[in-house]
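# A look at the structure
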Amino acid sequence: MSKNQKIHSISAIKIIASILCVIVGVLSLIFLAGDGFSYTIYVPVLICSIAIASFLISSCLVSGILHHKKVEQKKIDAMTKWINIFSSGIALLVLAPLIIILFSAKGVSIWIIFLCFLIAVSLSVILVVIGIVKIINICREPLDEKYTLFEGENCPCWKKSCKYHGNCTACVAHHHNKSRKTKTSCERLKEKIDIKGDK
């Protein structure tokens, strides 16, 4: 089995598992509610199954987007931890309402419920933001040190689909002619190299 086939197989397994999780949650809602069980049993089962499905689908989507953008597989492998952190943030956001449901059933003060809910949502947002920032940073970093600055054939820029990729003159002109002047990947990397050299 080739690497691409393996990646597609893993994605397919994640999608099937997420669908099964949602089905389990919906069936528990139908049967447990029908048998007169308390909502504090079947609603948490439903929310937890949707949270697991959200984790699987979001990690699958991020990996799919990275492959579509033609990011090197080594970089995607390096991002696995951050993709999981991002997906955990999404799953936690889905789980957050469970705090309200369970705490309300126990008669906990509305202010404590609100505080716990706010902490859960804040933590989920932090995880999502950290995951996104780390994924973008890894995308932008060169795969290794085997590149030459300002030499199109070994362009370190991660935007492979950019029409200026590999064309140094056009790339520099594009970045410098913007209303808000920006630096090319080579210029940013040169600054980092110079800073390391000064230390």
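Structure report, in brief. All residue numbers refer to position in the chain's written sequence, counted from 1. Local features are withheld for residues below a pLDDT of 70 in this predicted model, meaning they are given only at 70 or higher, and side-chain atom pairs are given and counted only at 80 or more; totals for whole chains, interfaces and linings count all residues. Based on all heavy atoms of the structure, the side-chain values leave hydrogens and waters out of the count.

The next thing to look at is the overall build of the chain. Per the convention used, a helix needs a DSSP run of H or I reaching at least four residues, while a strand needs a run of E reaching at least two, with both numbered from the N terminus. Of regular secondary structure, the chain possesses 7 helices and 0 strands. Taken over C-alpha atoms, the radius of gyration comes to 23 Å for the chain, far larger than the 16 Å a tight globule of 199 residues would show. If one aligns the C-alpha atoms of the chain with their principal axes, the spans along those axes are about 70 × 45 × 35 Å. With a 1.4 Å probe rolled over the protein chains alone, any residue whose accessible area is under 20% of its type maximum counts as buried; one over 50% counts as exposed, and the rest are partly exposed. The 199 residues of the chain split such that 27% are buried. Look at the contacts in the chain between residues 6 or more apart in sequence, and 64% of them connect residues 24 or more apart. All accessible-area figures derive from a Shrake-Rupley calculation using a 1.4 Å probe, and residue coverage is judged against the displayed protein chains alone. Of the roughly 13,000 Å² of accessible surface on the chain, 68% is carried by carbon and sulfur atoms. Taken together, the 24 basic and 12 acidic charged side chains of the chain have centroids lying 6 Å from each other. With C-alpha atoms as the basis for the radius of gyration, the globule rule is written as 2.2 Å multiplied by the number of residues raised to the power 0.38. Any two residues having at least one pair of non-hydrogen atoms within 4.5 Å are treated as being in contact. Note on charges: Lys and Arg go in the positive column, Asp and Glu in the negative column, and His and the chain ends are not counted at all. Every charge is mapped to an atom, namely NZ of Lys, CZ of Arg, CG of Asp or CD of Glu.

So, about the packing of helix H4 (residues 80-105) against helix H5 (residues 110-140). Contact geometry of H4 with H5 gives a least axis separation of 7 Å together with a crossing angle of 170°. When the axis of H4 is compared with that of H5, the two are roughly antiparallel. Here the contact of H4 with H5 is composed, by residue class, of 24 nonpolar, 5 polar and 1 charged. Axis definition: a line fit to C-alpha positions, over the contact stretch in the case of helices; interaxial angles, taken between N-to-C directions, run 0 to 180 degrees. Oblique is the label for any angle not covered by the other classes, which are roughly parallel (under 35 degrees), roughly antiparallel (over 145) and roughly perpendicular (65 to 115). Amino acids are sorted into nonpolar (Ala, Val, Leu, Ile, Met, Phe, Trp, Tyr, Cys and Pro), charged (Asp, Glu, Lys and Arg) and polar (every other residue, Gly among them).

This paragraph deals with the environment of Ile 100. Structurally, Ile 100 is set in helix H4. Along the primary structure Ile 100 and Phe 117 are separated by 17 residues, whereas in three dimensions their C-alpha atoms are 7.0 Å apart. Non-local contacts of Ile 100, meaning those with residues more than four positions away in its chain, are made with Ile 113 and Phe 117.

Take helix H2 (residues 39-68) next. To estimate how far a helix should extend, the number of its residues minus one is multiplied by 1.5 Å. Helix length check: H2 (30 residues) gives 42 Å between terminal C-alpha atoms against 44 Å at 1.5 Å per residue, within 8%. Of the residues trailing H2, Lys 70 is marked for its positive phi of about 60°.

Before going further, it helps to spend a moment on a positive patch on the surface. Candidates for patches are residues over 30% relative accessible area with no salt bridge; among them, like charges are joined within 9 Å and nonpolar side chains (Val, Leu, Ile, Met, Phe, Trp, Tyr) within 5 Å. Salt bridge, as used here: a side-chain nitrogen of Lys or Arg that lies within 4 Å of a carboxyl oxygen of Asp or Glu. A cluster of basic side chains, namely Arg 140, Lys 159, Lys 178, Arg 180 and Arg 188, defines a positive patch on the protein surface. Along the chain, Arg 140 falls in helix H5. Residue Arg 140 is classed as partly exposed on the basis of its relative accessible area, which comes to 41%.

When two helices pack together, their arrangement is given by the angle between the helix axes and by the axis-to-axis distance. Following both chains from N to C, one finds H2 and H4 inclined at 165°, their axes separated by 8 Å at the closest point. Classified by the angle between their axes, H2 and H4 sit roughly antiparallel to one another. Between H2 and H4 the crossing geometry is right-handed. Looking at side-chain class alone, the contact of H2 with H4 contains 20 nonpolar, 8 polar and no charged residues. Definitions for this section: a left-handed crossing has its near helix turned counterclockwise from the far helix by less than a right angle. A right-handed crossing has that turn clockwise.

Soluble globular proteins: nonpolar side chains tend toward being buried together. Definition of nonpolar core: a set of buried residues of the types Ala, Val, Leu, Ile, Met, Phe, Trp, Tyr and Cys, connected through side-chain atoms within 4.5 Å. If you look at the biggest cluster of nonpolar residues, it comprises 11 residues: Val 62, Leu 66, Val 71, Ile 76, Met 79, Trp 82, Ile 83, Phe 86, Val 128, Ile 135 and Cys 139. Contributions of two or more residues to this core are made by H2, H4 and H5. Among residues more than four places away in sequence, those in contact with Ile 76 are Leu 66, His 67, Val 71 and Ile 83.

Along the chain, Ile 19 turns up in helix H1 (residues 3-34). According to the relative accessible area criterion, Ile 19 is partly exposed, its value standing at 45%. Distance from Ile 19 to Ala 53, taken between C-alpha atoms, is 7.0 Å for residues 34 residues apart in sequence.

On to the side chain of Ser 49. Checked against the element boundaries, Ser 49 lands in helix H2. Taking the relative accessible area as the measure of exposure, Ser 49 reaches 6% and is therefore buried. What Ser 49 contacts, discounting residues up to four positions off in sequence, is Cys 21 and Gly 25.

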